[in-house]
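# Observations on chain architecture
Chain residues, written in single-letter form:
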Amino acid sequence: MRLCAPALRLLATLSLLSLGCSWSRFSDDTSNAPVVLLQKPGKISGFGAALATTHDASGAALLVAGSAGSLYNLGTGDSPGFDAIDITYCDPSSEQCSASIPLAGLPSALGPGTSVHSPRCFIGGAGSLGGKNGFIVRCSDAVEFVLPMPSSPAQQLTFDLSVQQADDTSSVADGSADPSVLATGSTSRSVRDAWFYPPGLASFGSLTMPSDLAQALGTDASYGTTLAVLVVGGARIYAVGAPTSGDVLLWRSDGGTASAFLGCLGGVAGFGRALASGKVNRDADDDLVLSDADNVHVLDGRVLSTLPETSASVCSFSALPAGALLGSFSCGSSKSLSDCAASSFGASLAVGDLDGDGDGEVIVGAPGMTVRGKHNAGALLVFDVERPSDTLFADAKFLSSAEEGDGLGTALCAPHLADRDVIAAAGPSSGKVALFYCSSLLAPGKGGERCP
């Protein structure tokens, strides 16, 4: 299942809890602990505000947002680089740039004026490069280039840069080898506009909605703060959340810069608070995972793609077509995890094939969860959505060294190894980013030396 240096070093005493077993504590000199912390660069603040990952044949890379983005090489197996190999992604101290939340990872990208793809690229933020303003794409071979924006957010970015003010941008990419990017940015009216870059990133397309819906969302500053892109056949489904209004808007593009508005889901408090995409069921298409104030829902991407183009402006969750809802679930507790009411269950989401069986598990961040009596330490709950009746979490992750206020699970992603995914989770209030290598869903012997 799917849905984001060189020297090994264990940084903290950690453990992994699953439903069937629990890991004992590990000492600092254990070389193959199932959970490890990445080294936080000393000068970086806000470390872990967002995570993004991508991979190619050389392995996975992880970009950690903070006052500047920090890049980590995770490799293809269970021996990641613990130290950042680059801490200058969108560094405002050396360039005009402000970080985007969330971030987008691309397996490769083709910059303007070149015929050679650069490997493992990230959109770390928006700023100015070589006299051009827009989203800055930076790749592991140090190639950088700018993706232009539509006129209104571009003008706002230019103004923000002129007064040294952080711009408000977001971007996400789908998980394909040739991804599309969904982006939002502030306009001169202090609201967000949304647009997309089709595969190849050579141009951008607009995402238009009915005028009365646009007017209703014009005062909602949360519009565009949560994003997801689904690959369904040869098409893309773009999902843009407005969690304050409790709405998620959907568009479909069959290629190029044209798109069709498919309608608006909503009617539930906090609907669209977090969004993620990935292959949850066993078909070849991505599915949409979203949270509201209390629950997480999984929607079949193939069914969503059959929605007809519409001009309707009413946002409803009950109008989904038959078969669209693959499952819904809420927070759960265990001997070590408690206080679901204050857990912020669903604050972050990811999809990852943690057991390598070809379909994906849903990973839910609960940064307010109490862990072994430590309030707001944070935890991750994993759901294996094989059937709509699968409403109980199948696995849980937390740090045995958890401290009050860690907030683990504020940000999530699922880096891909050679044959499965692992979990990367962040708690920016404590500056901790952890990699969880093991799962109770793994078949015996399949997890490598970290998962005996």
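Worth saying up front: this structure is predicted, and the values here are computed from it rather than measured. Per chain, residues are indexed from 1 in the order of the written sequence. In keeping with the predicted nature of the model, local features appear solely for residues at pLDDT of at least 70, side-chain atom pairs appear and are counted solely at 80 or more, and the whole-chain, interface and lining totals rest on all residues. Side-chain numbers here rest on the full set of heavy atoms in the structure, without hydrogens or water.

Turning to the overall build of the protein chain, a few remarks are in order. What counts as a helix is a DSSP run of H or I of at least four residues, what counts as a strand is a run of E of at least two, and both are numbered from the N terminus. Each helix and strand counted, the protein chain has 3 helices and 30 strands in total. For the protein chain, the C-alpha radius of gyration of 20 Å lies close to 22 Å, the compact-globule estimate for 452 residues. Along the longest, intermediate and shortest principal axes, the C-alpha atoms of the protein chain span 55 × 50 × 35 Å. The rule is simple: take the accessible area with a 1.4 Å probe, protein chains only, and divide by the maximum for that residue type; under 20% is buried, over 50% is exposed, in between is partly exposed. Sorting the 452 residues of the protein chain into buried and exposed places 59% on the buried side. On the protein chain, the mean spot of the 25 positive side-chain charges and the mean spot of the 44 negative ones are 5 Å from each other. Atoms considered for the radius of gyration are the C-alpha atoms alone. The globule rule reads 2.2 Å times the number of residues to the power 0.38. In this count, Lys and Arg are taken as positive residues and Asp and Glu as negative ones, while His and the chain termini are left out. In plain terms, the charge of a residue is placed at NZ if it is Lys, CZ if Arg, CG if Asp and CD if Glu.

The omega torsion across I101 and P102 is 0 degrees, close enough to zero to call that bond cis. Along the chain, P102 falls in strand β6 (residues 97-109). Positive phi values are uncommon outside glycine, yet A142 reaches one of about 75 degrees. Within the secondary structure, A142 is located in the loop between β8 (132-139) and β9 (144-147). A positive phi angle, close to 55 degrees, is found at N376, a residue other than glycine. Mapped onto the elements of the fold, N376 is located in the loop between β25 (370-371) and β26 (379-383). What makes N376 partly exposed here is its relative accessible area of 39%.

On to the confidence of the model for the protein chain. Model confidence for the protein chain is summarised by a mean pLDDT of 89, while 92% of its residues fall at 70 or above. Residue range residues 5-30 is modelled with pLDDT below 50. Its contacts to residues more than four positions away, or to other chains, number 84 contacts. How sure the predictor is of each residue is captured by pLDDT, a score from 0 to 100. Any two residues having at least one pair of non-hydrogen atoms within 4.5 Å are treated as being in contact.

For the rest of this paragraph, the subject is the nonpolar core. Counting residues in each nonpolar core, the largest one holds 42 residues, and the members touching the most others are V289, F329, V362, I363, L381, F383 and F436. If you tally residues by element for this core, the top one is β26, at 5 residues. Listed in part, the 25 residues of the second largest apolar core include L38, F47, A60 and L442. Buried Ala, Val, Leu, Ile, Met, Phe, Trp, Tyr and Cys residues form a nonpolar core when they are joined through side-chain atoms within 4.5 Å.

Attention now goes to the state of the cysteines. For the purposes of this analysis, a disulfide is any pair of cysteine sulfur atoms at a distance within 2.5 Å. For the coordinates displayed, the defined rule picks out 5 disulfides. Across a sulfur-sulfur distance of 1.9 Å, C264 and C315 are joined as a disulfide pair. Its torsion about the S-S bond being 95 degrees, the disulfide of C264 and C315 is classed as right-handed. Pair noted here: C264 is in strand β17 (residues 260-266) and C315 is in the loop between α3 (301-304) and β21 (325-330), with a separation of 51 residues, a long-range link. The same class applies to C264 and to C315, which are both buried. Bridging C438 to C451, the disulfide has an S-S length of 2.0 Å. Judged by the sign of its S-S torsion, about -95 degrees, the cystine formed by C438 and C451 is left-handed. In this pair, C438 is assigned in the segment after β30 (432-436) and C451 in the segment after β30, connecting sequence segments 13 residues apart.

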